[in-house]
Amino acid sequence: MKSFASDNYASVHPRILKAIEKANKGHAKAYGYDPFSEELQDIIEDIFGKGVSAFPVFNGSGANVIALKSLCKSYEAILCSDVSHINVDECGAEEQLVGSKLIDLPSQQGKLSPQSLSSFTKNYGNEHQVQAKVLSLTQTTERGTVYSLQELKALGTFAKKNSIKVTMDGARFSNAVAALKAKPIEISKAAQVQVLSLGGTKNGLMLGELVVVFNPQIADEMKFYRKQYLQLSSKMRFISAQFVEYFKNDLWLKNALHSNEMAQRLKSELQKFSELEITEEVAANVVFVKVPRSLIEPLQKKFPFYVWDENLNECRWMCSFDTSSSDIKSFAREISKHLKKR
Ligand SMILES: Cc1ncc(COP(=O)(O)O)c(C=O)c1O
């Protein structure tokens, strides 16, 4: 079965499976003191610069929680977009575990802008109100759009000016790197990111995300948060070995370029059907599309996907590193067949 539901539905890349097998030799030190975790640390410094640290964790929600926990004082609030994963899809984990108020702001194409943040800086110093001092940006956004370097720079400059600390939910960071054709560090630097959650699971790993910390002071504390928030793997070598392979010969970028390219092909196929309406710019690996109601269920039987907005009949069709051109063709044929039946 192939689906367009989510890159979480995708398989594990064969090279990653092999890397896990290769790591499965004898014993190794636990809790991140193994050779793969050490090698990963060097790789991260090559990509992001000296002194930058990587903390492998199990999942993206956990990565977001400890990233935010490391930046947020109890009286500080987290600015995020109304459609952000931390706001709508993490079961209130941030409110419960970080213990801070989330302030969800109206977004456009899933993005925030300095203008959307500016009213919150007016309350600084008033002890009756939370201090909105942390900003969470998602790159690639939940709407499949990608902040440009200029947009990130504007947000980063605004944040710095107002002493706002920035985290980036990069569950699909690799798709953004591929889309922007930028260096990873250009993206994090532009937005003045202090902690980045860099995804692996959605782009070919079996499981694992990296919490990348740019500020050494925060890095000193991160290991404690990771343990306290249950994200420290005892057999970490098996997560780290996946990431070592992921970065080798740019597997992460090749996978992301491929899933982005598949989304472009899907878009081209869909544009042939006047009954469908693409509702968002296709910048990475996802296409949002309004579909006639009668088509949804029959299509889902063969190609599972999520209806994103029931009122609008808007569906999210997501491509993965293992989506093939023939999957796209078969999906388009299925759409055509059901449209003709109407
Ligand atoms: C943008 C974004 N951030 C974070 C996550 C959380 O990842 P996980 O399901 O591994 O907790 C997801 C998962 O779909 C996501 O789409």
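Residues numbered from 1 in each chain as written. Predicted model: local features only at pLDDT ≥ 70, side-chain atom pairs only at ≥ 80, totals over all residues. Heavy atoms only, no water.

Description of the domain arrangement of the protein chain
Item 1. When its domains are assigned, the protein chain resolves into domain 1 (12-250) and domain 2 (253-341).
Item 2. Each of domain 1 and domain 2 was reduced to a C-alpha centroid, and the two centroids are 28 Å apart.
Item 3. Taken together, the contacts link 20 residues of domain 1 with 19 residues of domain 2.
Item 4. Surface buried jointly by domain 1 and domain 2 totals about 1700 Å² across both partners, of which 51% is contributed by carbon and sulfur atoms. (Domains from an automatic or database assignment. Contact = heavy atoms within 4.5 Å. Buried area = accessible area lost by both parts, 1.4 Å probe.)

Here we look at the nonpolar core
Item 1. L198 and F247 are the most contacted members of the largest nonpolar core, which totals 49 residues.
Item 2. Residue contacts for F247: discarding those within four places in its chain leaves L40, I43, I44, I47, L198, L210 and W252. (Core = buried A, V, L, I, M, F, W, Y, C linked by side-chain atoms within 4.5 Å. Buried < 20%, exposed > 50% of the residue type's maximum accessible area, 1.4 Å probe, protein only.)

Brief notes about helix α7 (residues 149-161)
Structural remark: α-helix, 3.6 residues per turn; residues separated by three or four positions point the same way.
Item 1. Taking 1.5 Å per residue, 13 residues should reach 18 Å; α7 reaches 18 Å between its end C-alpha atoms and fits that length.
Item 2. Along α7, the residues that are buried comprise L152, L155, G156, F158 and A159. Here the buried residues of α7 occupy an arc of 160° about the axis, which is enough to place them on one side. More than 90 degrees from the buried face of α7, the exposed residues found are Q150, K153, K160 and K161. (Helix = DSSP H or I, 4+ residues; strand = E, 2+ residues; numbered from the N terminus. Expected span 1.5 Å × (residues − 1). Arc of directions from axis to C-beta.)

Comments concerning the pairing of strand β1 (residues 53-57)
Item 1. Burial analysis of β1 places five of its five residues in the buried class, the great majority of the element.
Item 2. Neither face of β1 is exposed, since S53, F55 and V57 on one face and A54 and P56 on the opposite face are all buried.
Item 3. Here five bridges tie β1 to strand β7 (residues 209-213), and the two strands are oriented antiparallel to one another. Residue pairing across strands places S53 opposite V213, the latter belonging to β7. (Pairing = 2+ DSSP bridges.)

Considerations on the site of the ligand
Item 1. In the vicinity of the ligand, 13 residues are found, and the nearest of them are G60, S61, D169, R172 and K202.
Item 2. Take S61: an N or O atom from its side chain is 2.7 Å from an oxygen atom of the ligand.
Item 3. Contact between the ligand and R172: an oxygen atom at 3.0 Å from a side-chain N or O atom of the residue.
Item 4. When isolated, the ligand has an accessible area of 390 Å², and the protein chains bury 83% of it.
Item 5. For the shell around the ligand, the element with the most residues is helix α3 (residues 60-71), which contributes three residues.
Item 6. Classifying every residue of the shell around the ligand by side-chain character gives one nonpolar, seven polar and five charged. (Near = heavy atom within 4 Å. Polar contact = N/O pair within 3.5 Å; in protein donor to acceptor, adjacent residues only side chain to side chain. Areas by Shrake-Rupley, 256 points an atom, 1.4 Å probe, with all protein chains shown as cover. Nonpolar A, V, L, I, M, F, W, Y, C, P; charged D, E, K, R; others polar.)

As for the pattern of salt bridges
Item 1. One pass over the structure, following the stated rule, counts 16 salt bridges.
Item 2. Across the pair K329 and E269 runs a salt bridge, and its minimum N-O distance is 2.9 Å. Remark: E269 occurs in helix α12 (residues 251-270) and K329 occurs in helix α14 (residues 325-341); sequence separation between them is 60 residues.
Item 3. When salt bridges that share partners are traced, they join R15, E245 and K248 into one network. (Salt bridge = Lys/Arg side-chain N within 4 Å of Asp/Glu carboxyl O.)

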